[in-house]
Amino acid sequence: MDGESAAAAALLAALSRATGILAELRHPFARSRPFSFFLPPAGARTGTAFVLPDGRELTFEVSIAASGNAFLVDGSVTVEGEMLLELPRHRTPGVHDGLAVLEEYAAELAQPAARLLDQLLDEIV
C-alpha cells in the first residue's frame, strides 16, 4: 500500500472512531441521531444531534478538512446555533497528527455531554 492509500485508510478509521465516540452519546429524555457529512472540497464532519423536548437541537460535532498544506480540526457543541463549547481550531501539517487531534476532540466533547444535556433539560422544566 502506498503512502496516500495508507493515509486514506487512516482517515477512514479515525472518522469511524470519532463517529463511534459521539454516536454512543445518549440521554433518556432526548432523542439522538448520529450524522456524517462530506465538507467539499476535502473534509468531513461527524457528530450527534439531540432533539430536546422543547424542539431545540443540541449538536456535538468534530470536523477535519484539508487546507493548503495543512489539516484543520474543529470541535464544538451548539444548541440552535449558539455555541456552548468550542474547542480551538487546530492546524496540523500532517494527516496523522490531524487525525489524532480529531479523536482527541471527539473524546473531549463526549465528556461533558450528560452535564450539558441535563442543564438544558433543567431549563425546560
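As shown above, the structure is provided for reference.
Keep in mind it's a predicted model, so treat the numbers as computed, not measured.

A.B. asks: Tell me about the side chain of Ser63, residues and numbers included.
C.D. replies: Mapped onto the elements, Ser63 comes out in strand β3 (residues 57-67). Leaving out residues up to four positions away in the same chain, Ser63 has contacts with Leu39, Ala44, Arg45, Leu72, Val73, Asp74 and Leu102.

A.B. asks: I'd like a description of the packing of aromatic side chains, backed by residues and values.
C.D. replies: Tallying each qualifying case throughout the model produces two aromatic pairs. Each ring, one from Phe35 and one from Phe37, has its centre 5.4 Å from the other, and the planes form 35 degrees; the classification is tilted. When its relative accessible area of 9% is taken as the criterion, Phe35 is described as buried. Ring geometry for Phe50 against Phe60: centres 5.9 Å apart, planes inclined by 80 degrees, an arrangement best described as edge-to-face. In this pair, Phe50 is assigned in strand β2 (residues 43-51) and Phe60 in strand β3, connecting sequence segments 10 residues apart. The two residues Phe50 and Phe60 agree in class, both being buried.

Reading the values: the criteria
- Residues numbered from 1 in each chain as written.
- Predicted model: local features only at pLDDT ≥ 70, side-chain atom pairs only at ≥ 80, totals over all residues.
- Heavy atoms only, no water.
- Helix = DSSP H or I, 4+ residues; strand = E, 2+ residues; numbered from the N terminus.
- Contact = heavy atoms within 4.5 Å.
- Phe/Tyr/Trp six-rings, centres within 6.5 Å; stacked < 30°, edge-to-face > 60°.
- Buried < 20%, exposed > 50% of the residue type's maximum accessible area, 1.4 Å probe, protein only.

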